[in-house]
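Architecture and fold: a report
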Amino acid sequence: MLRRPEKTQLLQTVPLFKALSHRQISQIARLGTEIVVGAGTRLATAGEYGRELVIIVEGRATVTVGRRRTVSLGPGDFWGEMSLVDGGPRSATVEAATEMRLLALNEHEFSMLLQTAPLIAIKLMKVLSQRVRNAEASYSV
Ligand code: CMP
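Residues numbered from 1 in each chain as written. Predicted model: local features only at pLDDT ≥ 70, side-chain atom pairs only at ≥ 80, totals over all residues. Heavy atoms only, no water.

By the bridge criterion, five bridges tie strand 4 (residues 61-65) to strand 5 (residues 69-73) in an arrangement that is antiparallel. Each residue of the ladder has a partner; that of Val63, found in strand 5, is Val71. Where strand 4 folds back onto strand 5 in an antiparallel hairpin, the turn is made up of three residues, including Gly66, whose phi is positive at roughly 65 degrees. (Pairing = 2+ DSSP bridges. Helix = DSSP H or I, 4+ residues; strand = E, 2+ residues; numbered from the N terminus.)

Written out as structure tokens, the structure reads:
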């Protein structure tokens, strides 16, 4: 487990937090649980309950949407925003493709994150819109 100064330093390298001040990142470093997992770990299962937003600090994950479509996520990417926002079951299965360092935020921590850095909400909406567009495009082929 990293201490707060090291966690702050690490979070400064995460693209999602680019453009935030040192103070904001230091506040974010107080939130969330840091998790280290090995390659092959199942992180979320489609259809199951889950209520965390998980941000990738290091490593890569594979998201399997539907039966076959896979999307690779890397540092600064996140998953879990859909179930957290609408309360529904996980829409896809997520697995660690490599060893990973993650920051998991529960509902309360997520709302603290948005209060600390409202810019993050815009970034989340952009990614969500891209995911919807990609999903639409894959249905039409
Ligand atoms: P959630 O439904 O909570 O859990 C599974 C997660 O996979 C989902 O939130 C998104 O974060 C992610 N996900 C779902 N569909 C896609 C997609 N098309 N591209 C990238 N990530 C996705």
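The discussion continues.
For the rest of this paragraph, the subject is the sheet that holds strand 7 (residues 93-96). Across the sheet, four strands lie side by side as 2-7-4-5; this open sheet has antiparallel pairing. Single-partner strands in this sheet number two, and they are strand 2 (42-44) and strand 5. Adjacent strand axes in the sheet meet at a mean angle of 30 degrees when their direction is disregarded. (Axes fitted to C-alpha atoms, helices over the stretch in contact; angles between N-to-C directions.)

Turning next to helix 1 (residues 4-11). Among the residues of helix 1, Lys7, Thr8, Leu10 and Leu11 are the ones counted as buried. In an axial view of helix 1, the angular spread of the buried residues amounts to 165 degrees, which keeps them on one side of the axis. Every exposed residue of helix 1 that faces more than 90 degrees away from the buried side is listed here: Pro5 and Gln9. For helix 1, the secondary structure elements touched by its buried residues are helix 2 (22-28), strand 3 (53-58) and strand 8 (100-105). (Buried < 20%, exposed > 50% of the residue type's maximum accessible area, 1.4 Å probe, protein only. Arc of directions from axis to C-beta. Contact = heavy atoms within 4.5 Å.)

Limitation: the analysis is restricted to geometry and does not speak to function.
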